[in-house]
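Secondary and tertiary structure notes
Residue strings, one per chain:
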Amino acid sequence: MGNLPLDWRVCSRARLSRDPRFDGKFFIGALNSGVYCRSICPAPTCKEKNVCYFPSAAAAAEAGFRPCLRCRPECSPGTPAWLGTSNTVTRALRLIGESGLEDGGVEVLAGRLGIGARHLRRLFLKHLGASPSAVAHTRRLHFAKKLIDETTLSMAHVAQASGFGCVRRFNAAIRNTYHRTPTQIRRLARQIATLPENEYVFKLRVRPPYQWKSMLDFLAMRATPGVEAVEHGSYRHSIFLNNLQGYFEVSLGQDPDTLNVRILFADPRSLFLIIERIRRMFDVNADWEPIANRLRTDPALRSQLCAKPGLRLPGCWDGFELATRAILGQQVTVKGATSLAGRLVRSFGVPSSARNGLTHLFPRPEVLADAKLISIGLPASRAEAIQCLARAVCRGEINFDGVTDQDAFLRRLAELPGIGQWTTQYVAMRALGEPDAFPAGDIGLLRASGMNSPRALEARAEKWRPWRAYAALYLWNSGHGRSKA
Ligand SMILES: [Zn+2]
C-alpha cells in the first residue's frame, strides 16, 4: 500500500464518513471478510486495524479481496485523471477502456504508448497497485457484473459483451470472484423492469459536486439539429457504430450523484464501448478537489468556483463530428454555427431510424470528403477545411480513436488548411478530453478574463495548469464570454 496516492488518514476519514467525493479514488479491504468496498459502503464500518486501503479495485482484487455485493465497486466512478503525475498510465487506461487488452495484450499496449512492457507494468504497479492485465481483467469483470445486475441479457450475451469470449471462461471468472454463479447474482439484484428489445438502462456514478445543469446548457447551446437533442432535462444523440444505428440518452438520476443512461442499440457487444464513450463525454472520471484547489488560487475564478462547484469538461460522442463542428464555428456565432450544422446534416447525413427528434446520423467522413459543401452556404475556405479533414480521416492520417501521442496528433491536425491554434486546442479539449487544453485566442475567453491579448491570457493561465480547460469553462460560463464553437 506504499503506492497509495492518498494519505491513509485521508482514506480513513473518508471511509468513516462515507464521503462520496472519494468514491473510486481508493478501495477498502476488510481483512475479516475478505471483501473490498467503496468509500461509501453502507455496511457497518470495521475497526481501523481490520482494514487496508488500495489505490484501485484491481489492486484489491490482486491482493485476494472479493468485490462487496452491497456497495458494488463496479458502480464507482472511474479512476480520476489526478493520476496526472503519469500521463502514460492515464493514456493506457483509456486504451484499455476502448478495447480491453484483447488485441495483443500488454506488449502491444506498451508498444502503442511507445514504451517497453516492463516499464508499463512498473508504472501501473506504482500508480494503481496492479498490473495492466489485472486492471483489464477487473474492468471486464466489473462490466459483466453490471450487465448481470442491470440488464436482462442472456448470460451468453453478457459473456460476449464483457469480452470473455466463451461462457465457460465467464462462468469460471464470476464464480471465482463472487463465489456465486451468474444466475445467483442476478437473482440477488433488484428486480429489473423489463425493457423493450435492444434497450438498456445504466446508472453511472459521478463524484460530487457535479454541475449537471451547466453541462446540459453547454451541450444544448451547441446541439446539432437532428443529430442531438436536449429537452426535459435530458440529452440525446444518434449512434452509428459497426454499421448499426441507435441512440443514447443521458439524464440526471434520482439517486444522488448518478447519471441515468438509456441506450438503444442492437448489438450488446458494443455496449462497453458506448458506455465508455458516454463516460468520457460527460467527464465522469473527473475529480473535483485538485481542480478546485488549483483554480481557487486565481481570485477572479474563485467566486465562480464557489457559485458553481463541479463544472465538468463537456466531451463529445465522435471526434470527427466535433472537429467538423469546430470548423463550422469559426468566425460565426454559436447560433450561426448551429444552423450551418443543421443544413450540413440535412444535406449529407443519413436519415436515422431513432425516435425522439433524432432524424439523422452525422455525415460520414467518406461523404463529406467529396460533397459540394458550398451548397449549404459555407464560405469556400471553410468548405475546403472540412473536406481536407474528411479526406485525412478517410486516408487514416487522422484517427480520433485511441490517440496515444496527443502532441503528434494535434500537429497533424494543424497541418490541415483552415485549422489553426484555436481549433486544435478546442478539439484537444472536447474530443481528446485534455484537461489542460486552452484556446487562448478565443474571443469569449479574452472578454471574460479582461485580458487584451492571447499572449497575456496564456501567461495568466500558466497558474491554472494542468486544469486550464476547466478554467476556460468557468470563463465561458461567467456570462461575459461565449465560446465560438
Ligand atoms: Zn461494501
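Above this text is the structure in question.
Everything in this summary refers to the structure shown in the same document.

Rules behind the numbers
Residues numbered from 1 in each chain as written. Predicted model: local features only at pLDDT ≥ 70, side-chain atom pairs only at ≥ 80, totals over all residues. Heavy atoms only, no water. Donors = N, O, S within 2.8 Å, 3.2 Å for Na, K, Ca; no water. Helix = DSSP H or I, 4+ residues; strand = E, 2+ residues; numbered from the N terminus. Buried < 20%, exposed > 50% of the residue type's maximum accessible area, 1.4 Å probe, protein only. Phe/Tyr/Trp six-rings, centres within 6.5 Å; stacked < 30°, edge-to-face > 60°. Lys NZ or Arg CZ within 6 Å of the ring centre and 35° of its normal. Core = buried A, V, L, I, M, F, W, Y, C linked by side-chain atoms within 4.5 Å. Contact = heavy atoms within 4.5 Å. Axes fitted to C-alpha atoms, helices over the stretch in contact; angles between N-to-C directions. Parallel < 35°, antiparallel > 145°, perpendicular 65-115°, else oblique. Left-handed = near helix turned anticlockwise from the far one by under 90°. Nonpolar A, V, L, I, M, F, W, Y, C, P; charged D, E, K, R; others polar. Salt bridge = Lys/Arg side-chain N within 4 Å of Asp/Glu carboxyl O. Pairing = 2+ DSSP bridges.

**As for the coordination of the zinc ion**
- Looking at the metal site, the zinc ion is ligated by Cys-37 (SG), Cys-41 (SG), Cys-68 (SG) and Cys-71 (SG), spaced 2.2 to 2.4 Å from it.
- Between the donor residues of the zinc ion, the gaps in sequence give the motif C-x3-C-x26-C-x2-C. In this pair, Cys-41 sits in the loop between strand S2 (35-37) and strand S3 (51-54) while Cys-71 sits in the loop between strand S4 (66-67) and helix H3 (87-99), placing the two residues 30 residues apart along the sequence. Residue Cys-41 shares its accessibility class with Cys-71, and that shared class is buried.

**Details of the packing of aromatic side chains**
- Overall, the coordinates contain 17 aromatic pairs when judged by the stated rule.
- Centre to centre, the rings of Phe-248 and Trp-317 are 5.1 Å apart; their planes meet at 45°, and the pair counts as tilted. Separated by 69 residues along the polypeptide, Phe-248 in strand S8 (residues 244-252) and Trp-317 in the loop between helix H13 (299-307) and helix H14 (319-328) bring together distant segments of the chain. Take Phe-248 and Trp-317: they sit in the same class, and that class is buried.
- Geometrically, the ring pair formed by Trp-422 and Tyr-426 is stacked, given 5.1 Å between the ring centres and 10° between the ring planes. Note that Trp-422 and Tyr-426 are positioned in helix H19 (residues 421-430) at a spacing of four residues, about one turn of the helix.
- Using a relative accessible area of 10% as the deciding quantity, one classes Trp-422 as buried.
- Through a chain of ring-to-ring contacts, three or more aromatic side chains come together here, namely Trp-212, Tyr-235, Phe-248, Phe-282 and Trp-317.
- Directly above the ring of Phe-218 sits Arg-222, whose terminal nitrogen or CZ lies 3.7 Å from the centroid.

**So, the nonpolar core**
- If you look at the biggest cluster of nonpolar residues, it comprises 71 residues, and the most contacted ones within it are Leu-295 and Phe-400.
- Setting aside residues no more than four positions away along its own chain, Phe-400 makes contact with Gly-319, Phe-320, Ala-323, Leu-389, Val-393, Phe-409, Val-427 and Ala-431.
- Among the nonpolar cores identified, the runner-up in size contains 43 residues, and Ile-148, Ile-185, Leu-204 and Phe-282 belong to it.

**What to know about the packing of H14 against helix H15 (residues 334-348)**
- Close contact between H14 and H15 brings their axes to 9 Å; oriented N to C, the two are set at 125°. One element, H14, and the other, H15, form an angle in the oblique class. Considering the relative orientation of H14 and H15, their crossing is right-handed. Counted together, Thr-324, Arg-325 and Leu-328 of H14 and Val-334, Ala-337, Thr-338, Leu-340, Ala-341 and Leu-344 of H15 form the full contact between these two elements.
- Classifying every residue of the contact of H14 with H15 by side-chain character gives six nonpolar, two polar and one charged.

**Brief notes about the packing of helix H12 (residues 288-295) against helix H22 (residues 468-477)**
- With their axes 10 Å apart at the nearest point, H12 and H22 run at an angle of 70° to one another. One way to sum up the angle between H12 and H22 is to call them roughly perpendicular. Residues Trp-288, Ile-291 and Leu-295 of H12 lie in contact with H22, whose contacting residues are Tyr-470, Ala-471 and Tyr-474.
- Residues that form the contact of H12 with H22 fall into these classes: six nonpolar, no polar and no charged.

**Topic: the pattern of salt bridges**
- The full count for this structure, using the stated rule, is 27 salt bridges.
- Notably, a salt bridge pairs Asp-19 with Arg-21, separated by 2.7 Å at the nearest N-O pair.
- The exposure class of Arg-21 is partly exposed, given its relative accessible area of 33%.

**Some details on the sheet that holds strand S6 (residues 228-231)**
- Pairing is antiparallel in the open sheet, where five strands are placed in the order S5-S9-S8-S7-S6. For this open sheet the edge positions go to strand S5 (199-205) and S6, each flanked by a neighbour on one side alone. Shown here is a sheet whose adjacent strand axes are inclined to one another by a mean of 20°, direction ignored.

**Quick notes on the sheet that holds strand S1 (residues 27-30)**
- Sheet architecture is open: four strands sit in the order S3-S1-S2-S4, paired in mixed fashion. Across the chains shown, the open sheet's two edge strands, defined by having one partner strand only, are S3 and S4.
- One ladder, built from four bridges, connects S1 with S3; its direction is antiparallel. Of the residues in S3, the one forming a bridge with Ala-30 is Val-51.

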